[in-house]
Amino acid sequence: MRPPDRVTAALRDRPRPVCAYVYDTAALRTRTAAVRAALPPGTTLLYAVKANGHPDVVRTLAAGCDGLEVASGGELARAVAAGARRIVFGGPAKTDAELAAAVAAGAQVNVESALELRRLDRAAAAAGTVADVAVRVNRARSAVTGSHAMTGTPTPFGVDEAGLPQVLALARTLPAVRVTGFHLHAVSNNRDAAAHAAFVADALDWSVRAADRHGVDLRLVNAGGGLGVDYRSAATLDLDVLRAGLAAVDVPAGVDLILEPGRILAADAGWYAAEVLDLKHTHGRTFAVLRGGTHHFRLPAAWGYDHPFTVLPVEAWPYPWPRPEVRDAHVDAVGELCTPRDVLARDQPVDRLRVGDVLVFARTGAYGWDISHHDFLRHDPPEFLVL
Ligand SMILES: *Cc1c(COP(=O)(O)O)cnc(C)c1O
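Residues numbered from 1 in each chain as written. Predicted model: local features only at pLDDT ≥ 70, side-chain atom pairs only at ≥ 80, totals over all residues. Heavy atoms only, no water.

A. Structural context of the site of the ligand. As a structural note, the neighbourhood of the ligand is formed by 13 residues, with Lys50, Gly226, Glu260, Arg263 and Tyr367 the closest of them. Between the ligand and glutamate 260, the relevant distance is 2.8 Å, taken from a nitrogen atom to a side-chain nitrogen or oxygen of the residue. Residue arginine 263 places a main-chain N or O atom 2.8 Å away from an oxygen atom belonging to the ligand. Alone, the ligand offers 390 Å² of accessible surface; in the complex the protein occludes 93% of this. (Near = heavy atom within 4 Å. Polar contact = N/O pair within 3.5 Å; in protein donor to acceptor, adjacent residues only side chain to side chain. Areas by Shrake-Rupley, 256 points an atom, 1.4 Å probe, with all protein chains shown as cover.)

As structure tokens, this is what we get:
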């Protein structure tokens, strides 16, 4: 995917060597509107902050969505600072301090265990309030496929479906918590829109039956995130297919259906750019060595794929000697770290690439900077340019 002109213009202004993330808030708003248009009217759309916690991204999506989903005290603080109208707090390892902060912020907590329910009850009682909770459930069977299955399989997330009756029975004895529904986040990076719509329908159906069986006054069903993009192509989960699939879904009256995607909202609003500092040939391969690397953008190393890039040609060459270049070549785009694993893409075709040109990696707005090991080798961080 080629960067739009406003992104390349921002990069051309920067000091050399270029190393930057560009975040495009207009792209965030456009994608948010497209996702919202695919959801049944009245659906609550939250943004999962862990995909990209940059304050400008969080602020933009807090305004464009109905609220934010957070998974730590740090994200909670950012969500409050961003003015989120609604906050949902999830994650498997909440501390007492985080639970107290969630109660103070009026966040709805997705409870992940019986012990956490007791601790939240104590925090809410201490604050003189009653906390609304959704119980996160690891269902007996997974209804959806994707790259990171989190339910229907052994994971540390949520309450095992078999243990749900005991957790709900415990909740009835705790005066400062009120179970209002279920949280059923199940998958990451699902690109099959029809399957995702079927998953949401099944989540609603399962929740209605579970609420009936256990005497829960069902007011919310959180189907989580997981709407996917394909990094190796321009493909995104087909929002028209999602809309058609969800149009047939029956959301019971009085039930708040929540979706809390991260990746699909933020991925295409981010561009990672790194200048070529050197070109070398060893043992028959060509390496483009970048000012940057996996300490800024770890996703391809973490997931084991090659992240596509485009070449932004830069004409200026400040040295008196000839400029190294390759033509009609295949190159490995590697970073500045002293490890052979610092690879963003292998064996990628380039028409022409020179030292001083800039590689621009599209779809890096989600799980890019935020999941990377910034301090390894202590290179300077990239610039962050917000459009
Ligand atoms: C990570 C996560 C999300 C967001 O997932 P995406 O794949 O980015 O849409 C939503 N909810 C929970 C509980 C998560 O852990």
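Once you've had a look at it, read on.
B. Expanded view of the domain arrangement of the chain. Domains assigned within the chain are domain 1 (5-21 + 268-386) and domain 2 (86-261). Taken together, the contact between domain 1 and domain 2 spans nine residues of the former and eleven residues of the latter. Summed over both sides, the interface of domain 1 with domain 2 buries roughly 750 Å², with 60% coming from carbon and sulfur. Together, Trp303, Tyr305 and Arg363 form the three largest contributors to the area buried by domain 1 at its contact with domain 2, with a combined 71%. The tally of links between domain 1 and domain 2 comes to zero salt bridges. Taken together, the links from domain 1 to domain 2 amount to five residue pairs in polar contact (both at pLDDT 80 or more). Tallied by class, the residues present in the side of domain 1 that touches domain 2 amount to five nonpolar, one polar and three charged. (Domains from an automatic or database assignment. Contact = heavy atoms within 4.5 Å. Buried area = accessible area lost by both parts, 1.4 Å probe. Salt bridge = Lys/Arg side-chain N within 4 Å of Asp/Glu carboxyl O. Nonpolar A, V, L, I, M, F, W, Y, C, P; charged D, E, K, R; others polar.)

C. Structural detail: the pairing of strand β1 (residues 19-23). Judged by how many residues are buried, β1 sits mostly within the fold: five of five residues are covered. Burial along β1 is two-sided: Cys19, Tyr21 and Tyr23 and Ala20 and Val22, pointing in opposite directions, are all buried. Here β1 runs beside strand β11 (residues 270-282); their pairing, made up of five bridges, is antiparallel. Paired with cysteine 19 across the strands is alanine 274, a residue of β11. (Buried < 20%, exposed > 50% of the residue type's maximum accessible area, 1.4 Å probe, protein only. Helix = DSSP H or I, 4+ residues; strand = E, 2+ residues; numbered from the N terminus. Pairing = 2+ DSSP bridges.)

D. Spatial organisation of the pairing of strand β5 (residues 108-111). Here β5 shows no split at all, with Gln108 and Asn110 on one side and Val109 and Val111 on the other all buried. In the sheet, strand β4 (residues 87-89) pairs with β5 via two bridges, with the strands oriented parallel. For valine 88, the partnering residue across the bridge sits in β5 and is glutamine 108. Running through helix α5 (residues 96-104), the crossover from β4 to the neighbouring parallel element β5 is right-handed. Bridge analysis of β5 against strand β6 (residues 131-138) gives three bridges, and the strand direction is parallel. Bridge pairing links valine 111 to valine 135 in β6. You can see the chain leave β5, run along helix α6 (residues 114-126) and come back into β6, and the turn it takes is right-handed. (Right-handed = clockwise from strand over helix to strand, strands pointing away.)

E. Summary view of the pattern of salt bridges. Applying the stated criterion to the full structure yields 24 salt bridges. A salt bridge links arginine 139 to aspartate 202; the nearest nitrogen and oxygen atoms lie 2.8 Å apart. Within this pair, whereas arginine 139 is found in the loop between β6 and β7 (159-160), its partner aspartate 202 is found in helix α8 (residues 193-214), the two being separated by 63 residues in sequence. In this structure, aspartate 240 engages arginine 243 in a salt bridge whose closest nitrogen and oxygen atoms are separated by 3.2 Å. With aspartate 240 and arginine 243 both in helix α9 (residues 239-247) and three residues apart, the pair spans about one turn of that helix. Through salt bridges with shared partners, one network takes in Glu315, Arg323, Arg354 and Asp357.

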